[in-house]
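Examination of the molecular architecture
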Amino acid sequence: MSVLLETQQLTKNFGRIRAVHELNLHIAEGMVFGMLGPNGSGKTTTLGMLLGVTNPTSGSFSWFGEKTNHEARKKVGAILERPIFYPYMSARKNLEVVCLIKEISKSRIDEVLKTVGLLERKNDAFKTYSLGMKQRLAIASALLCDPRIMILDEPTNGLDPQGIADIRELIRHIASDGKTIVLASHLLDEVQKVCTDFCVLGKGKLLYTGNVKRDLESDHSFELEGESSDAIENALKDFPFIVSKEKAGEKWVVKTEERINAAELNKAFFEKGIVLSHLSSGHKSLEEKFLRILNENNAQAT
Amino acid sequence: MKTMRRLLSIEFTKLWSARYFRVLLILWIVAFLSIPIGFKIVLYWLETQSGQSLDALGLKFTQLPVFDFSEIWHNLAYVYKMLSIFMAFVVVVSVTNEIDYRTLRQNVIDGLSRKEWLLSKWYLVLALATAATLLVLVLGLVAGLTSSTEVSLEAIFSNIGFLGAYWIHVVLFLMLSLLFALLLRRSGLTIALLIFWMYIFEPITIGILRYHELDFVSNIFPVEATHRLIPWVIPHLAMFPGLDHIPTDALIIAFVYLVLVMGLSWRIVQKRDL
């Protein structure tokens, strides 16, 4: 997988405030990369530097494997903070300006407007749009150049539940087309649902990077239930790979050694003649993980 | 050339849909055309009102050599430089809007370099100045050919250098407005300060300086520098000795200003976080 975006020791100070501190990120083709962090952790500042609107204090970054200038941004679809367009111009005219800037043909305008469901409103002025429509137009604009990589900064900010669901569906749809996406958000649930990889920023520093699946699903804890609770307890005592067990109501919550997955656990019970009526691998939530990372760092800081 | 076409088409796509641009354009054209027409009407009116007394002196208002080649270029350039403020408004609003709407930031995100963005505004300045100069040229030819007592080629083109001075005046004045807009960021504030500077601050300061015979100081004020390219026509018209050419020192000062103003704008756009 080729690296589409890389930062080296990227730093931004606003006066004495360190907004971003020596950040190293690698984003490979095909990733849906979530950037997590509380407000003020440096997500938007980082993306601002990558997109040329904020001048880095030090460090560097490269798009598509080369140190490039604004030409690289023509091949990137990006939304930073809120949707920004000329309010007095129609959606179509606004996208024409984007086409002229990116030096691409205007032929895709109707297509992207259709993708986001704005084709019927294309001749209406941007200022008459609802927030959800504005956000969708921003996504249309980001799709205009058929980019290999998209940057989406808080794309569901300020939207109602329906709007959030629409945008999330749209992101999934785009990701399934094989596009690489960088999604900055403080909505952890959102990142967990659509991202493959993630990082956590806190006070401008990179606290953690990881893979969503590996980090959240390989927790090796299972929840199980069967006809006879006693039979299960006895079986658990016999299994050598059980790390801990705990009874929660009718259910058992067990932790196993790393090599064991749900299928193997089920097989082990079956061989003992026990049929489980319920078996689920306990997915840790990203929220839990995120808060733990932040707390650990706060503890270190103090 | 290709970049220039692309940047101008970006700029004019933004402008054509904007109401302020259409309003200012229409106002400017109306003002542009009404000046020579209105002036002729006033001259006729003065002549019919003055009656016998002035006739006896042999002075006829309609025969004032206002539209005569070759003075016409000087006269038109002098009058039309007062309309530059309309074009300055277009430049100011187009710049402050982009800062206010944050579309400058979005343009950069979409892949325009800061340099290209500023260039697109500079091309707008050049386009406006060139359009205005061409309009003066056409108007001068029409007015001159219909009213001038002398229409030899030599007479027509001998003072046409004032059109060049007019073009430089417009370019410098608009570049100055562009810098004001970049510095102040708000259209209302920029326009108010521009008007204050042009019509109150500079005239008063220059008046004081002149009174103390410090002309060499007053000459280097920026708006004055743009105006001195086209000297006062009234003494000349009234047959008093006045400047009938473009002062060389004014040209030099104008060029120095142009370099300074453009250099400073360039620096601001490069360095600022958007």
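Residues numbered from 1 in each chain as written. Chains lettered and ligands numbered in written order. Predicted model: local features only at pLDDT ≥ 70, side-chain atom pairs only at ≥ 80, totals over all residues. Heavy atoms only, no water.

1. Overview of empty space enclosed by the protein
Formally: Method remark: on a 1 Å grid restricted to protein atoms, a set of points is classed as a cavity if a 1.4 Å probe fits but cannot get out and as a pocket if it is open with protein on both sides within 12 Å along at least five of seven lines; lining residues have an atom within 4 Å of a point. Grid points are joined across faces, edges and corners, and a volume is the space filled by probe spheres set on the points. Only Asp, Glu, Lys and Arg are considered charged, only Ala, Val, Leu, Ile, Met, Phe, Trp, Tyr, Cys and Pro nonpolar, and every remaining residue, Gly among them, polar.
Scanning the model with the defined rule gives four cavities of 30 Å³ or more in all. Approximately 60 Å³ is the volume attributed to the largest cavity. As for the largest cavity, its lining consists of Ile84(A), Phe85(A), Tyr86(A), Asn94(A), Val97(A), Val98(A), Thr103(B), Gln106(B), Asn107(B) and Asp110(B). Class assignment for the residues of the lining of the largest cavity results in five nonpolar, four polar and one charged.

2. Quick look at the nonpolar core
Short version of the rule: Here, nonpolar core refers to any group of buried Ala, Val, Leu, Ile, Met, Phe, Trp, Tyr and Cys residues whose side-chain atoms link them within 4.5 Å. Burial status follows relative accessibility: with a 1.4 Å probe on protein chains alone, a residue under 20% of its type maximum counts as buried, one over 50% as exposed, and anything between as partly exposed. Only heavy atoms enter the contact rule, under which two residues are in contact if any of them lie within 4.5 Å.
Counting 118 residues, the largest nonpolar core has Met35(A), Trp63(A), Ile149(A), Tyr166(B) and Leu174(B) as its most contacted members. Beyond its immediate stretch of four places on either side in the chain, Ile149(A) contacts Leu4(A), Leu5(A), Ile27(A), Trp63(A), Phe64(A), Lys75(A), Val76(A), Gly77(A), Thr180(A) and Val182(A). Counting residues in hydrophobic clusters, the runner-up holds 44 residues, among them Phe85(A), Leu143(A), Ile181(A) and Leu188(A).

3. Topic: a nonpolar patch on the surface
Rules: Note that patches include only residues with greater than 30% relative accessible area and no salt bridge, and the join distances are 9 Å for like charges and 5 Å for nonpolar side chains (Val, Leu, Ile, Met, Phe, Trp, Tyr). Areas reported as accessible are Shrake-Rupley estimates using a 1.4 Å probe. Residue values count occlusion only from the protein chains shown. The salt bridge definition used is simple: a Lys or Arg side-chain nitrogen within 4 Å of an Asp or Glu carboxyl oxygen. For the purposes of this entry, the term helix denotes a DSSP run of H or I that reaches at least four residues, the term strand denotes a run of E that reaches at least two, and both are numbered from the N terminus.
Where nonpolar side chains cluster on the molecular surface, the patch consists of Leu193(B), Ile195(B), Phe196(B), Tyr199(B), Ile200(B), Phe201(B), Ile204(B) and Ile208(B) and spans about 710 Å² of accessible area. Inspection of the secondary structure puts Ile195(B) in helix H10 (residues 187-211).

4. Considerations on the interface of chain A and chain B
What counts here: A 1.4 Å probe defines the accessible area here, and the buried area is the portion of it lost by two parts on being joined, summed over both.
Every contact between the two is made by 28 residues of chain A and, on the other side, 28 residues of chain B. Among the residues chain A hides against chain B, the three largest losses belong to Val53(A), Ile84(A) and Ile101(A). Together they make up 25% of the total. Run the count over chain A and chain B and you get four salt bridges. Linking Lys12(A) and Asp273(B) is a salt bridge whose minimum nitrogen-to-oxygen distance equals 2.9 Å.

5. Focus: the pattern of salt bridges
With the rule as written, the count across this model stands at 26 salt bridges over all chains. Between Asp249(B) and Arg228(B) there is a salt bridge whose closest N-O contact spans 2.9 Å. Of the two residues, Asp249(B) sits in helix H14 (residues 248-271) while Arg228(B) sits in helix H12 (residues 222-228), which places them 21 residues apart along the sequence. Each of Glu71(A), Lys74(A), Glu103(A), Lys2(B), Arg6(B) and Glu116(B) takes part in a single network of salt bridges with overlapping partners.

6. Describing the sheet that holds strand S4 (residues 58-63) of chain A
All names here are of chain A. As a reminder of what qualifies: Should DSSP find at least two bridges between two strands, the strands are regarded as paired. Axes here mean lines fitted to C-alpha atoms, for a helix over just the part in contact, with angles spanning 0 to 180 degrees between N-to-C directions.
The strand order across the open sheet built from three strands is S2-S1-S4, with neighbouring strands paired in antiparallel fashion. For this open sheet the edge positions go to strand S2 (17-28) and S4, each flanked by a neighbour on one side alone. Adjacent strand axes in the sheet meet at a mean angle of 15° when their direction is disregarded. Here strand S1 (residues 3-14) pairs with S4 via five bridges, running antiparallel. Following the sheet pairing, Gln-8 is matched in S4 by Ser-60. Each of S1, S2 and S4 touches helix H1 (residues 43-50); the most contacted strand, S1, lies at about 115° to it.

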